[in-house]
Amino acid sequence: MRIALFATCIVDAMYPDVAKATVRILERLGHEVVFPAGQACCGQMHINSGKFREAYPVVRNHVEAFEAEDWDHAVAPSGSCVASLGHQHPMIAEHNDDPELSARASAVASRTYELAQLLTDVLGVTDAAAQLGSYFPYSVVHHSSCHGMRLLRLGDRQLDLLRSVEGATVVEPEHPDACCGFGGTFSVKNPQVSAAMLSDKVDALVTTGASVCSGGDASCLMHIGGGLQRTRELMPAQAGVPRTVHLAEILASTKEDPLVLEPLDAPASRTPARSSRASRLRATLRSTPTDRTTGALR
Amino acid sequence: MSVTHLGMPTVPGKGNIVEPSPFPQVAELELGKIQMRTNLARATSTIRGKRLARVAEVPNWEELRDHGSAVKTAVMDRLPELLEQFEHNVTARGGHVHWARDADEANAIVARLVEEHAPVLDTGRREVIKVKSMATQEIGLNEHLEEIGIDAYETDLAELIVQLGHDRPSHILVPAIHRNRREIREIFLREMPDVDPDLTDDPTALAEASRKHLRRKFLSTPVAVSGANFGIAETGTLSVVESEGNGRMCVTLPETLITVMGIEKILPRFADLGTFMQLLPRSSTGERMNPYTSFWTGVTPGDGPQNVHVVLLDNGRTRALADEHGRQALHCIRCSACMNVCPVYERTGGHAYGSVYPGPIGAILSPLLTGTDAGANDTLPYASSLCGACYDACPVKIDIPQMLVRLRNEDTETKARKTGRLPRTQLDAALTAASWVMSDGRRMAVAEKSLPLAHLLTGPEGIRSLPGVAGKWTHSRTLPQPPEQSFRSWWKKERGTR
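How each quantity is defined
- Residues numbered from 1 in each chain as written.
- Chains lettered and ligands numbered in written order.
- Predicted model: local features only at pLDDT ≥ 70, side-chain atom pairs only at ≥ 80, totals over all residues.
- Helix = DSSP H or I, 4+ residues; strand = E, 2+ residues; numbered from the N terminus.
- Buried ≥ 20, exposed ≤ 12 C-beta atoms within 10 Å, placed from the backbone.
- Contact = placed C-beta atoms within 7 Å.
- Nonpolar A, V, L, I, M, F, W, Y, C, P; charged D, E, K, R; others polar.
- Pairing = 2+ DSSP bridges.
- Axes fitted to C-alpha atoms, helices over the stretch in contact; angles between N-to-C directions.
- Expected span 1.5 Å × (residues − 1).
- Arc of directions from axis to C-beta.
- Domains from an automatic or database assignment.
- Core = buried A, V, L, I, M, F, W, Y, C linked by C-beta atoms within 7 Å.
- pLDDT = per-residue confidence, 0-100.
- Parallel < 35°, antiparallel > 145°, perpendicular 65-115°, else oblique.
- Left-handed = near helix turned anticlockwise from the far one by under 90°.

Undergrad: So what's going on with the overall build of chain B? Residues and values would help.
TA: In terms of regular secondary structure, chain B is built from 23 helices and 10 strands. Within chain B, the fraction of its 498 residues that count as buried is 52%. Of all intrachain contacts in chain B linking residues separated by at least 6 positions in sequence, the fraction that spans at least 24 positions is 76%.

This is the structure:
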């Protein structure tokens, strides 16, 4: 089958390994992967910020980029972005008086799947160890992201795949269906409420004692991972703070080509700064704001 | 698309449905109230569990939700004729119907009726007893009556706690949800005349104290004011759904009963209650059936109130009705399931929303009743991570997350009309720039050329501090180190332009 990869903007720019892992999984199953070059973003950041005008060209670009290629199914390693295609793109097109684009967007959306959804419903993967050779010898706590759960109705598809990975021990957190508090621009428009939600999520994850927090959405994982990393910074003595790994990378990991998790407290700088200006900027980016010590997470 | 006309557009909503200060500011204050958050987290988690258990018992729950939603959609489509039918039937049965465009008109009508039917006491003031009602909270009836010499006594236990505590309700069903029993005991000891000074914080003792306090009022007060859960057009019947029986006392004992009902509470047929009486108790208190459901139709000579009045309240509802998408907020049956499952409400509590309608439904209903430009109601639609739990819990399937997003756009457009399209905030400016970059794969590729430098400047430990609006992210979260190259550029190098 010819499968079009929608990398999503955050994976493309921040987590390229997640897209590479998605490609590896699909090619391992014998499918051809294409990457429509015009693709950029689903537009959710604009739509959910109430910028329906600004979202319109982003939506149009997505539809045109995927119409420009021939493919049987499209896949994205994100439940949220796939949900946006189906639930929001037609709305944005219609809001901008473009019913034709709405119909085209619906057509693209109807053939676009979240990764676990594609693997389970279309490609018939029920046993990741047997069918993909997935091997990941870690204890894993899974975060089922809201849009996958409630908009795509993924149910246990992600968890079932994870449970079928050789070596993986899956543990359950408290309140598994609670939102991590990201919500796109919600995290900066209501930063304190978002941080309070994140704090509870971090507590629930750390309490499991798992070494890895997996998930199907890089955006939620970036938020959760940011909270977990901040926990490490503030409480260096806190043992067993899990690190985040996207489900695609876990499924792509095999005995022959395993994903090896480096210790997180490795020495910081590998490349010496080349100029004093760069080193000043580096120092700024790594500095800790003074109010951090007051317990920003609470 | 169906269009509903209700004559001339009325004034937008007035009363207690406007957020006075921006939500993020109030939320920050409320987040600091540890006792409130503990009380609320415990209470909402209990109600959530009960609701899930009671809903799971109903095999056709989804069909019930669909049917409830369909009935409400049909009601909104022909609201004017249903209201006239309702008025006709109430009047035919000896009741009186009054129409109020806004809070001020409704308050004035109720005040006039109370002055007509309640005697002046030795204290020089009049008294009425009240059934818990969101409509009268919305219009600020108690405060209005107090100013003109009428004392309104809340008879619902939780409303009584709020009233005695000189507090504001923080939940539409459990208005004192932010209080625990120790706090309630203190309020009773401080505010309740002739209360037992040895009162404990045992829930039974607290309930008994309020029973004794209220019983005299029930027996001596000739005028009651209620809201209504349903008004049946084909019969002119009104209904109050409750747990404690105080409502039953109020709608049966006094000579005069005045009901303030939002115009959206109409159901066409008595038989429609079959659906809603299954949906409402399970969604609100997590019970199969609520203990007391009262129905009354006009006047029954010699039995119950002999002066029966209904005040039909608009107060912005026709504004919401005129919004083709927003009108679904009028389907709300005030069950409060959405706030019980909301992760934002659970942490900020109801007071953060300013309006008497808090939580997810309040975040859409308040700005729909008033317009996003009333007070800080423009900040309410952003008070959500769009997790979608409210939509799943709603017994009449109001798509709250989508409505929140639509109201955010309405806010954007309203401000653009007033002050132009120039970005007002750093976030707006960033989003405008991002729209240009993210609507073209080539522009994305150019923007991503900054990644190698960003990677170099950061370390594997990530970015702990950023300036400006991004600092709101890094305040509580570390950003990961950007990669050396984007997936796009890796793909191009490895796989060519395919």
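Undergrad: I'd like a rundown of the interface of chain B and chain A, residues and numbers included.
TA: Between chain B and chain A, the residue contacts involve 62 residues of the former and 73 residues of the latter. Sorting the residues of the side of chain B that touches chain A by element identifies α1 (23–31), α15 (343–348), α18 (400–419), α19 (426–437), α20 (441–447), α21 (451–457), α22 (471–474) and α23 (487–495) of chain B as the ones contributing at least two each. Split into classes, the residues belonging to the side of chain B that touches chain A amount to 29 nonpolar, 20 polar and 13 charged.

Undergrad: Can you break down the sheet that holds strand β3 (residues 150–154) of chain B residue by residue, with the values?
TA: All names here are of chain B. Read across the open sheet, the 6 strands follow the order β1-β10-β7-β4-β2-β3; overall the sheet is parallel. Each edge of the open sheet carries a strand with a single partner, namely β1 (96–100) and β3. The sheet shows a mean angle of 25° between the axes of neighbouring strands, taken without regard to direction. Inspection of the sheet shows strand β2 (residues 126–130) paired to β3 by 5 bridges, in the parallel sense. Paired with glutamate 127 across the two strands is aspartate 151, which belongs to β3.

Undergrad: Give me the lowdown on helix α7 (residues 99–110) of chain A, citing residues and values where you can.
TA: For an α-helix the count is 3.6 residues per turn, leaving residues at separations of three or four pointing the same way. Residues and elements named next belong to chain A. In this model α7 runs 16 Å from its N-terminal to its C-terminal C-alpha over 12 residues, within 8% of the 16 Å that 1.5 Å per residue would give. Buried within α7 are the following residues: Leu101, Ser102, Ala105, Val108 and Ala109. Along the long axis of α7, the arc covered by the buried residues comes to 125°, so they all point the same way. In α7, those exposed residues whose orientation departs by more than 90 degrees from the buried face are Pro99, Glu100 and Ser110. Buried-residue contacts for α7 involve α4 (52–67), α5 (79–87), α6 (89–95) and β4 (112–114).

Undergrad: Which residues make up the pairing of strand β4 (residues 223–226) of chain B, and what are the values?
TA: A regular strand carries its side chains on alternate faces of the sheet. Residues and elements named next belong to chain B. Alternating positions in β4 separate into two faces, Val223 and Val225 on one and Ala224 and Ser226 on the other, with burial throughout. Where β2 lies against β4, 2 bridges are found, and the strand directions are parallel. When the sheet's bridge partners are listed, lysine 130 is paired in β4 with valine 225. Looking at chain direction, β4 and strand β7 (residues 256–262) are connected through 4 bridges and run parallel.

Undergrad: Explain helix α3 (residues 61–77) of chain B to me, using residue names and the numbers behind them.
TA: All names here are of chain B. End to end, α3 covers 24 Å across 17 residues, agreeing with the expected 24 Å (1.5 Å per residue, within 8%). For α3, every residue scored as buried is listed here: Leu64, Arg65, Gly68, Ser69, Lys72 and Val75. Down the axis of α3, the smallest arc covering the buried residues is 135°, so these residues share one side. When the buried face of α3 is taken as reference, the exposed residues oriented beyond 90 degrees from it are Glu62 and Glu63. The elements touched by buried residues of α3 are α4 (79–92), β8 (266–267) and α12 (273–284).

Undergrad: Before we move on, can you summarise the domain arrangement of chain B with the specific residues and values?
TA: In terms of domain boundaries, chain B breaks down into domain 1 (23–317) and domain 2 (426–495). Computed from C-alpha coordinates alone, the two centres of domain 1 of chain B and domain 2 of chain B are separated by 52 Å.

Undergrad: Describe the domain arrangement of chain A, naming the residues involved and giving the relevant values.
TA: Residue and element names in this part refer to chain A. Domain annotation for chain A reports domain 1 (2–120) and domain 2 (126–260). Each of domain 1 and domain 2 has a C-alpha centre, and these two points are 22 Å apart. On the domain 2 side, the residues contacting the 28 residues of domain 1 number 23 residues. Counting only elements with at least two residues in the side of domain 1 that touches domain 2, the list comes to α1 (9–14), α2 (16–28), α3 (44–48), α5 and α8 (115–122). By residue number, the principal contributor to the side of domain 1 that touches domain 2 is α2, which donates 7 residues. Residues that form the side of domain 1 that touches domain 2 fall into these classes: 14 nonpolar, 10 polar and 4 charged.

Undergrad: Residues and numbers for unusual backbone geometry, please.
TA: In the Ramachandran plot, threonine 8 of chain A falls in the positive-phi region, its phi being about 75° despite a non-glycine side chain. Summarising the element assignment, threonine 8 of chain A is placed in the loop between β1 (2–5) and α1. Of the residues examined, threonine 8 of chain A has 28 C-beta atoms within 10 Å and is grouped as buried. Phi at serine 336 of chain B takes a positive value of approximately 80°, unusual for a residue other than glycine. Tracing the chain through its elements places serine 336 of chain B in the loop between α13 (317–321) and α14 (337–341).

Undergrad: Would you mind going over the pairing of β7 of chain B in detail, with residue names and values included?
TA: The element β7 of chain B is largely enclosed, with a buried count of 7 among its 7 residues. Burial along β7 of chain B is two-sided: Thr256, Ile258, Val260 and Gly262 of chain B and Leu257, Thr259 and Met261 of chain B, pointing in opposite directions, are all buried.

Undergrad: If you had to explain the nonpolar core to someone new, which residues and values would you point to?
TA: Within soluble globular proteins, side chains that are nonpolar tend to cluster in buried spots. Judged by nonpolar contacts, the single largest core of 219 residues is most densely connected at Leu5 and Leu251 of chain A together with Leu313, Ala329, Cys338, Ile364 and Ile400 of chain B. Setting aside residues no more than four positions away along its own chain, leucine 5 of chain A makes contact with Ala19, Thr22, Val23, Val33, Phe35 and Val75 of chain A.

Undergrad: Requested: an account of the sheet that holds β1 of chain A, with residues and values cited.
TA: Residues and elements named next belong to chain A. The strand order across the open sheet built from 4 strands is β2-β1-β3-β4, with neighbouring strands paired in parallel fashion. Only two strands of the sheet have a single neighbouring strand rather than two, namely β2 (32–34) and β4. The average undirected angle you get between the axes of adjacent strands in this sheet is 35°. Note that β1 and strand β3 (residues 73–76) share 3 bridges and pair parallel. Looking across to β3, one finds that leucine 5 is bridged to valine 75. Packed onto the sheet, α2 meets β1, β2 and β3 and runs at close to 175° relative to β1. On the sheet, α8 packs against β3 and β4 and is oriented at approximately 105° with respect to β4.

Undergrad: Pulling in residues and values, what's your account of the environment of valine 75 of chain B?
TA: Residue and element names in this part refer to chain B. Take valine 75: it is sitting in helix α3. With 22 C-beta atoms counted inside 10 Å, the residue valine 75 sits in the buried group. A sequence separation of 189 residues divides valine 75 from glutamate 264, and the C-alpha atoms of the two residues are 7.9 Å apart. Apart from residues no more than four positions distant in its own chain, valine 75 is found in contact with Leu82, Ile266, Leu267 and Pro268.

Undergrad: Describe in detail the confidence of the model for chain B, supporting the description with residues and values.
TA: Residue and element names in this part refer to chain B. Summarising the model, chain B shows a mean pLDDT of 94, and 97% of its residues fall at 70 or more. A low-confidence stretch, residues 5–10 stays under pLDDT 50, and its non-local contacts, those more than four residues away or across chains, total 12 contacts. Our summary of model confidence lists the complex with pTM equal to 0.93 and ipTM equal to 0.93.

Undergrad: Could you give me a rundown of the confidence of the model for chain A, with the residues and numbers involved?
TA: All names here are of chain A. Mean pLDDT over chain A: 91, with 88% of residues reaching 70 or higher. In the predicted structure, residues 266–275 sits below a pLDDT of 50 and forms 9 contacts with residues beyond four places in sequence or in another chain. In this model, residues 289–298 is a region of pLDDT below 50 whose contacts with residues beyond four sequence positions or in other chains number 13 contacts.

Undergrad: How would you explain the packing of helix α9 (residues 181–191) of chain B against helix α10 (residues 203–220) of chain B if you had to name every residue and give the values?
TA: All names here are of chain B. As a packed pair, α9 and α10 sit with axes 11 Å apart at the nearest point and diverge in direction by 30°. If you check the angle between α9 and α10, you find them roughly parallel. Taken as a pair, α9 and α10 cross one another with a handedness that is left-handed. Every residue of α10 that contacts α9 at Arg181, Ile184, Arg185 and Phe188 is listed here: Pro203, Leu206 and Ala209. Among the residues making up the contact of α9 with α10, the classes are represented as 5 nonpolar, no polar and 2 charged.

Undergrad: Give me the environment of threonine 256 of chain B: which residues, what numbers.
TA: Residue and element names in this part refer to chain B. Here threonine 256 shows up in strand β7. Measuring from C-alpha to C-alpha, the distance between threonine 256 and glycine 304 comes to 8.7 Å, with 48 residues separating the pair along the chain. With residues up to four places along the chain from it excluded, the contact list for threonine 256 reads His117, Pro222, Val223, Pro305 and Asn307.

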